[in-house]
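Residues per chain are reported as follows:
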Amino acid sequence: MKHLSFGGDKETVYERSDYPPEKLQEMFKGETFGMIGYGTQGRGQALNARDQGIHVIVGNREGGPSWQRAIDDGFVPGETLFDVCTAVSKSDVCMYLLSDAGQKQMWSTIKPHLKKGGTLYFAHGFSVVFKEDTGVVPPEDMDVILVAPKGSGTTVRRLFLEGRGINASVAVHQDVSGKARDRAFGIGVAVGTGYMYETTFKKEVLSDLTGERGVLMGAINGMFLAQYDVLRANGHSPSEAFNETVEEATQSLYPLIGENGMDWMYANCSTTAQRGALDWYPHFKEATLPVFEKLYAEVANGNETRRTLDVNSKDDYQVGLDAELKHLRDMEIW
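What you see is a predicted model; the values in this text were computed from it and never measured. (Residues numbered from 1 in each chain as written. Predicted model: local features only at pLDDT ≥ 70, side-chain atom pairs only at ≥ 80, totals over all residues. Heavy atoms only, no water.)

S.K.: Even after reading the chapter, I still don't get the overall build of the chain, so can you show me in this structure?
M.R.: For the chain, the helix and strand inventory stands at 16 helices and ten strands. A compact globule built from 334 residues should have a C-alpha radius of gyration of about 20 Å, and the chain, at 22 Å, falls within 12% of that. Overall, the C-alpha framework of the chain stretches about 65 × 50 × 40 Å when taken along its three principal axes. When the accessible surface of the chain is summed, it comes to about 17900 Å², and 53% of that surface belongs to carbon and sulfur atoms. Counting 34 positive and 46 negative side-chain charges, the chain places the averaged centre of each group 4 Å from the other. (Helix = DSSP H or I, 4+ residues; strand = E, 2+ residues; numbered from the N terminus. Rg over C-alpha atoms; globule rule 2.2 N^0.38 Å. Areas by Shrake-Rupley, 256 points an atom, 1.4 Å probe, with all protein chains shown as cover. Lys, Arg positive; Asp, Glu negative; His and termini not counted. Charge placed at Lys NZ, Arg CZ, Asp CG, Glu CD.)

S.K.: How do you make sense of helix 14 (residues 271-300) when you look at a structure like this?
M.R.: Because each turn of an α-helix spans 3.6 residues, side chains separated by three or four positions end up pointing in the same direction. Under the 1.5 Å per step criterion, the end-to-end length of helix 14 is 41 Å for 30 residues, consistent within 8% with the ideal 44 Å. In helix 14, a bend of some 35 degrees at Thr288 exceeds every other bend along the element, and Pro290, a proline, comes one to four places later. Gly302, located one to two residues past helix 14, shows a positive phi value of around 90 degrees. (Expected span 1.5 Å × (residues − 1). Bend = angle between axes of the 7 residues up to and from the residue.)

S.K.: What is the right way to look at the pattern of salt bridges in this model?
M.R.: If the charged atoms of two oppositely charged side chains come close together, the side chains can form a pair. Counted under the stated rule, the structure contains 16 salt bridges. Close ionic contact of Glu15 with Lys2 constitutes a salt bridge, the shortest N to O distance being 3.7 Å. Here the residue Glu15 occupies a position in strand 2 (residues 9-15), and Lys2 occupies one in strand 1 (residues 2-6), the gap between them amounting to 13 residues. What makes Glu15 buried here is its relative accessible area of 11%. When its relative accessible area of 42% is taken as the criterion, Lys2 is described as partly exposed. The partner of Glu304 in a salt bridge is Arg213, and the shortest N-O contact between them spans 2.5 Å. With Glu304 in helix 15 (residues 303-312) and Arg213 in helix 10 (residues 201-213), this residue pair connects regions lying 91 residues apart in the sequence. Salt bridges linked by common partners bring Lys150, Glu204 and Asp208 together as one network. (Salt bridge = Lys/Arg side-chain N within 4 Å of Asp/Glu carboxyl O. Buried < 20%, exposed > 50% of the residue type's maximum accessible area, 1.4 Å probe, protein only.)

S.K.: I'm lost on a nonpolar patch on the surface in this one. Help?
M.R.: Taken together, the side chains of Val215, Leu216 and Met217 define a hydrophobic patch exposed on the protein surface, amounting to about 330 Å² of accessible area. By the element assignment, Leu216 lies in the loop between helix 10 and helix 11 (218-233). (Patch = residues over 30% accessible without salt bridge, like charges linked within 9 Å, V, L, I, M, F, W, Y side chains within 5 Å.)

S.K.: Would you mind showing me how to read the environment of Glu162 here?
M.R.: For Glu162, the position within the fold is in the loop between helix 8 (153-161) and strand 9 (166-174). In the structure, Glu162 is positioned 118 residues away from Gly44 in sequence and 13 Å away in space, judged by C-alpha atoms.

S.K.: I'm lost on the packing of helix 10 against helix 14 in this one. Help?
M.R.: When two helices pack together, their arrangement is given by the angle between their axes and by how far apart the axes lie. Packing of helix 10 against helix 14 leaves a shortest axis separation of 9 Å and a crossing angle of 135 degrees. For the element pair helix 10 / helix 14, the angle class is oblique. In this structure, the crossing between helix 10 and helix 14 has a hand that is right-handed. For the pair formed by helix 10 and helix 14, the contact residues are Val205, Leu206, Leu209, Thr210 and Arg213 on the first element and Leu295, Tyr296, Val299 and Ala300 on the second. (Axes fitted to C-alpha atoms, helices over the stretch in contact; angles between N-to-C directions. Parallel < 35°, antiparallel > 145°, perpendicular 65-115°, else oblique. Left-handed = near helix turned anticlockwise from the far one by under 90°. Contact = heavy atoms within 4.5 Å.)

S.K.: How do you make sense of the pairing of strand 8 (residues 143-149) when you look at a structure like this?
M.R.: A regular strand places its side chains so that they alternate between the two faces of the sheet. The buried count for strand 8 comes to seven of seven residues, which makes it a mostly enclosed element. Note: strand 7 (residues 119-122) against strand 8, four bridges, orientation parallel. Considered in strand 8, the bridge of Leu120 is made with Val144. Examined bridge by bridge, strand 8 and strand 9 share six bridges and lie antiparallel to one another. In the strand pairing of strand 9, Ile145 is matched with Val172. (Pairing = 2+ DSSP bridges.)

S.K.: What should I look at first to understand the nonpolar core in this one?
M.R.: Side chains of nonpolar character tend, in soluble globular proteins, to be buried together. Counting 34 residues, the largest nonpolar core has Phe33, Ile54, Phe75, Met95, Tyr121 and Ile187 as its most contacted members. When contributions to this core are tallied by element, the ones reaching two or more residues are strand 3 (32-36), helix 2 (40-51), strand 4 (55-59), helix 3 (65-72), strand 6 (93-96), strand 8, strand 9 and helix 9 (180-190). Setting aside residues up to four positions removed in sequence, Phe75 forms contacts with Tyr38, Ala46, Leu47, Arg50, Val56, Val58, Ala70, Thr80 and Leu81. Counting 21 residues, the second largest nonpolar core, distinct from the first, contains Phe82, Val128, Met142 and Phe201. (Core = buried A, V, L, I, M, F, W, Y, C linked by side-chain atoms within 4.5 Å.)

S.K.: Help me out: how do you make sense of the pairing of strand 2 in this one?
M.R.: Inspection of the sheet shows strand 1 paired to strand 2 by five bridges, in the antiparallel sense. Within strand 2, the residue paired with Leu4 across the bridge is Glu11. Joining the antiparallel neighbours strand 1 and strand 2 is a turn of two residues, in which Gly7 adopts a positive phi near 60 degrees. Here three bridges tie strand 2 to strand 10 (residues 193-198), and the two strands are oriented antiparallel to one another. The partner of Val13 across the bridge, within strand 10, is Tyr197.

S.K.: Help me out: how do you make sense of the sheet that holds strand 2 in this one?
M.R.: The strands that make up a sheet are held in pairs by hydrogen bonds between backbone atoms, and each pair lies either parallel or antiparallel. What the ten strands build is an open sheet, ordered 1-2-10-9-8-7-6-3-4-5; its pairing is mixed. At either end of the open sheet lies a strand with only one pairing partner, and these are strand 1 and strand 5 (81-82).

In structure tokens:
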């Protein structure tokens with residue numbers, strides 16, 4: 001555990017070393033962790049917990065691709081791999097990691113099978129915070145906690161195997177046992193996080209939805225495309241436009257930010273690059289700030305939640321998604 005100052009705000013950071021495997025095994029001795037949903041995030045977290053001596057079972061739809069993936073990872077039908085309701089009924093810690101739309105659709109089905117006095121675990125505050133839209137209202141006789149890794153399930157697994165661990169947000173929505181907070185941090189380490197920061201369900205989901213639509217995915221894609229198009233329109237070749245937009249950013253400069261911060265990246269570039277970036281970043285901030293303010297407002301008022309649930313719940317959702325991703329994939333830049 002460390003106490004750090006971020007811009008004058010003091011925060012406590014909980015570390016992987018605070019909960020070594022032997023402590024985790026003692027904390028959760030005799031308990032079953034039930035991973036409901038075996039997508040990218042569920043898979044990474046389930047495997048990390050199992051590797052640390054936690055008894056993990058998986059609940060999924062039999063016959064689907066995720067069912068077979070769980071079998072390939074060593075989960076055994078009838079022993080550690082079950083249909084969703086059976087897995088929920090066996091779980092002391094029910095890890096509800098279906099998609100947000102899936103959580104809404106399945107909630108009335110799984111709720112009667114939740115164990116009284118158990119723990120209901122989320123990796124995202126979406127369903128609980130926007131309960132008016134999802135219908136997800138946890139029973140009053142359970143601890144309700146959240147551990148939200150700041151990355152994809154693939155990264156959660158990769159960093160765990162490298163002996164590091166990803167950053168995560170941790171929150172307690174409901175503490176019936178009186179031990180929910182400590183258990184939440186312990187489970188955070190069990191699923192593969194390295195550094196944990198305390199927050200609330202609401203703050204987690206508002207910041208997460210903003211980040212995904214903003215600099216993490218949506219904004220960076222839009223800026224890549226804008227710069228690439230300008231270069232191409234001014235006669236630069238596809239390879240040159242790509243190298244100056246994507247290749248240098250992802251393979252050279254962004255890793256420097258990850259290593260030691262923005263100033264470190266600037267310090268390791270030419271003086272010409274430094275001068276230009278220092279002069280131009282305020283213009284980009286000014287241009288994008290209104291977009292981010294609008295984005296945050298749409299997240300906070302629930303419009304983004306309702307749109308997500310509406311689109312992702314349609315029967316032909318996968319068909320539409322495949323078409324959108326194909327459009328992206330077919331762009332010259334990619």
